[in-house]
Amino acid sequence: MSINLGLVAILITLGIIVGSVITKRCLEFMFAGSMVAAVFLFKSGFLAGWAQSLQDQLSENVWVMLVCLLFGGLIGLLTDSKGSFGFSKYISKFCNTQRKTLLTTFVMGILIFVDDYLNVLSIGACMKKISDKQKLPRETLAYLLDSTGAPVCVLLPFSTWAVFYASLFYEQDSVKALGAGSPIASYTLAIPYLFYPIITLIIVFLFCMGWFPKLGPMKKAYERVEKTGMVYSERSRKYNHAELEEDESEGNIWNFLIPMGVLVVYAVVTGDILSAVILALIVCFVLYVPRKILTLDQFFASIIRGFADMLPTLTLLLTTFVLKDLSGQMDMTEYIIQIAEPYLFAEVFPAAVFVLGALLAFTTGSDWGMSSIITPIVFPLGAALGANPILIMAAVISGGTFGSHACFYADATLLASQSSGIDNMEHALSQLPYVIISAVASVACFAITGFIL
């Protein structure tokens, strides 16, 4: 009797999700799930197969690893030079209430739109101390960072997300038939129908203004701060072991603004985030060492400490890549699509594509990977059914955005929690009610527009 590996992959993924939510131990279940998947795939050679996948994913994702490590080093330098303290003192003059602090974080998330990694990591470095001063729970900061990462990037046609999706969609005949003239022009047609990111940003704005209720774990986080004064829980203390009480000595804001300004401007102009981080580190060296803000030994010690702070996140990220690779080899995505296909018709097809894309992106932790897999399937199928290709584009993008935002082991979610200094499961669960509301509203919007357009 043959075993359907696609079904097994789904069961493994469900086990990981349920186990992680119940125990709040994500890494252990991710690791165990990847090992179980390797057993089904490679039988007695499961250990060698798992190790090969680990090597492959490390080599294929070395760019992500380097960006995260170097960002950790940069954050360590900004902290030890007291540049971030100087920035915090200056901005705190304006961010003198919780609402102003939340709105400032929200606006910065919109302005730094070129890439979700750049958005999450740089704004976290800017706003963490300010958020703490206003006694905002770290869960709130992580929610804002994650919600203004991918959701903002997909709404602007000059981000890394837009370039990826535009190139992916323009290969499809039904998209070329729209006559937009270029990949980006075609992508722009879908922007008004990107319901998930639009609704997410509306909810975030209402939350910042205090007009949207605090729900579930987020409400409990605010209650914790009121009762104990702790902006993060005991479980998240291990992510803040390096933080010391800042003294009241002057921190120079320029020691923060110049490196961060170079980082953002270079990344926006060139689109090369890795080189931008390296350049920012060089600028830090020129600013700090000759002026004896940090000695040469202190400079490199700060970088190494920043690397170390990133290692828990990178470990989970690499395990995610391995699980995604093994699930792909088990044809989990193809199995889900095969089940869903018979129940689709033109009017509800965009809503179904969003649900399918969101489900796959959530279970695999891969937004761009999911989109690459389903795009060659849903566009020809949609054309055969007579569904609107603009809505299909919007549904695929929205589904990928949901995965990046909602999945507790997606890279953006991991980096948002790392940047905020909290456990990734605490972040994922505290934003879950808002994610669910956005997703349900998006399904309704796609269903309605599917009948109208």
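Quick caveat, the model's predicted, so the values are computed rather than measured.

### Here we look at the overall build of the chain
- Counting its regular elements, the chain contains 23 helices and zero strands.
- For 453 residues, the compact-globule estimate of 2.2 N^0.38 gives 22 Å, and the C-alpha radius of gyration of the chain, at 22 Å, lies within 12% of that figure.
- Its C-alpha atoms give the chain principal-axis dimensions of roughly 65 × 55 × 45 Å.
- A buried classification covers 55% of the 453 residues belonging to the chain.
- Contacts in the chain between residues at least 24 apart in sequence constitute 80% of all its contacts with a sequence separation of at least 6.
- When the accessible surface of the chain is totalled, it reaches about 18600 Å², and 68% of it is carbon and sulfur.

### Considerations on helix H3 (residues 46–60)
- A rise of 1.5 Å per residue sets the reference length of H3, with its 15 residues, at 21 Å; its end C-alpha atoms lie 21 Å apart and thus fit the reference within 8%.
- Along H3, the residues classified as buried are Gly49, Trp50, Ser53 and Gln57. The buried residues of H3 occupy one face: seen down the axis, they fall within an arc of 100°. When the buried face of H3 is taken as reference, the exposed residues oriented beyond 90 degrees from it are Leu47 and Ala48.

### Quick look at the pattern of salt bridges
- Inspection of the entire model under this criterion finds four salt bridges.
- Salt-bridge contacts for Arg138 lead to Asp132; the nearest nitrogen and oxygen are separated by 2.8 Å. No difference in accessibility class separates Arg138 from Asp132, as the two residues are buried.
- In this structure, Arg224 and Glu139 form a salt bridge, with 2.9 Å as the shortest nitrogen-oxygen distance.

### Some words on the packing of helix H2 (residues 26–42) against H3
- Axis separation between H2 and H3 bottoms out at 8 Å; the angle between their running directions is 120°. Comparing their axes, H3 and H2 come out oblique. Relative to H3, the crossing made by H2 is right-handed. On H3, the residues touching Phe31, Ser34, Met35, Ala38, Val39 and Phe42 of H2 are Phe46, Leu47, Gly49 and Trp50.

### Digging into empty space enclosed by the protein
- Applying the stated rule across the entire model yields one cavity of 30 Å³ or more.
- As a volume, the largest cavity reaches approximately 40 Å³.
- What lines the largest cavity is simply Thr101, Leu102, Thr105, Ser131, Leu136, Thr140, Leu141 and Leu144.
- Only helix H6 (98–111) and helix H8 (138–147) provide two or more residues apiece to the lining of the largest cavity.
- By residue class, the composition of the lining of the largest cavity is four nonpolar, four polar and no charged.

### Looking at the side chain of Ser233
- One can find Ser233 in the loop between helix H14 (216–228) and helix H15 (254–270).
- Here the side chain of Ser233 touches Glu426 through a polar contact of 2.6 Å, side chain to side chain.

### Considering the nonpolar core
- Membership of the largest hydrophobic core comes to 136 residues, with the highest contact counts inside it found for Tyr165, Phe169, Tyr187 and Phe402.
- Here this core gets eleven residues from one element, more than from any other, and that element is helix H17 (residues 296–329).

### A word on the confidence of the model for the chain
- Of all residues in the chain, 91% attain a pLDDT of 70 or more, and the chain-wide mean is 83.
- In this model, residues 244–248 is a region of pLDDT below 50 whose contacts with residues beyond four sequence positions or in other chains number seven contacts.

### A few points about a nonpolar patch on the surface
- Together, Ile278, Ile282, Phe285, Val286, Leu296 and Phe300 line one region of the surface with nonpolar side chains, adding up to about 530 Å² of accessible area.
- Those elements that place two or more of their residues in the nonpolar patch are helix H16 (273–288) and H17.
- Broken down by element, the residue count for the nonpolar patch peaks at four residues, all from H16.
- Examined against the element boundaries, Leu296 turns out to sit in helix H17.

### As for helix H23 (residues 424–452)
- For H23, spanning 29 residues, the distance from its first C-alpha to its last is 40 Å, which sits close to the expected 42 Å at 1.5 Å a residue.
- Roughly 50° is the biggest bend found in H23, and it falls at Leu432, with proline Pro433 one to four residues downstream.
- Structurally, the start of H23 carries an N-cap: the backbone nitrogen of Met425 is 3.0 Å from a side-chain oxygen of Asp423.

Reading the values: the criteria
Residues numbered from 1 in each chain as written. Predicted model: local features only at pLDDT ≥ 70, side-chain atom pairs only at ≥ 80, totals over all residues. Heavy atoms only, no water. Helix = DSSP H or I, 4+ residues; strand = E, 2+ residues; numbered from the N terminus. Rg over C-alpha atoms; globule rule 2.2 N^0.38 Å. Buried < 20%, exposed > 50% of the residue type's maximum accessible area, 1.4 Å probe, protein only. Contact = heavy atoms within 4.5 Å. Areas by Shrake-Rupley, 256 points an atom, 1.4 Å probe, with all protein chains shown as cover. Expected span 1.5 Å × (residues − 1). Arc of directions from axis to C-beta. Salt bridge = Lys/Arg side-chain N within 4 Å of Asp/Glu carboxyl O. Axes fitted to C-alpha atoms, helices over the stretch in contact; angles between N-to-C directions. Parallel < 35°, antiparallel > 145°, perpendicular 65-115°, else oblique. Left-handed = near helix turned anticlockwise from the far one by under 90°. 1 Å grid on protein atoms, 1.4 Å probe; cavity = no way out; pocket = protein on both sides within 12 Å on 5 of 7 lines; lining within 4 Å. Points joined across faces, edges and corners; volume = space filled by probe spheres on them. Nonpolar A, V, L, I, M, F, W, Y, C, P; charged D, E, K, R; others polar. Polar contact = N/O pair within 3.5 Å; in protein donor to acceptor, adjacent residues only side chain to side chain. Core = buried A, V, L, I, M, F, W, Y, C linked by side-chain atoms within 4.5 Å. pLDDT = per-residue confidence, 0-100. Patch = residues over 30% accessible without salt bridge, like charges linked within 9 Å, V, L, I, M, F, W, Y side chains within 5 Å. Bend = angle between axes of the 7 residues up to and from the residue.

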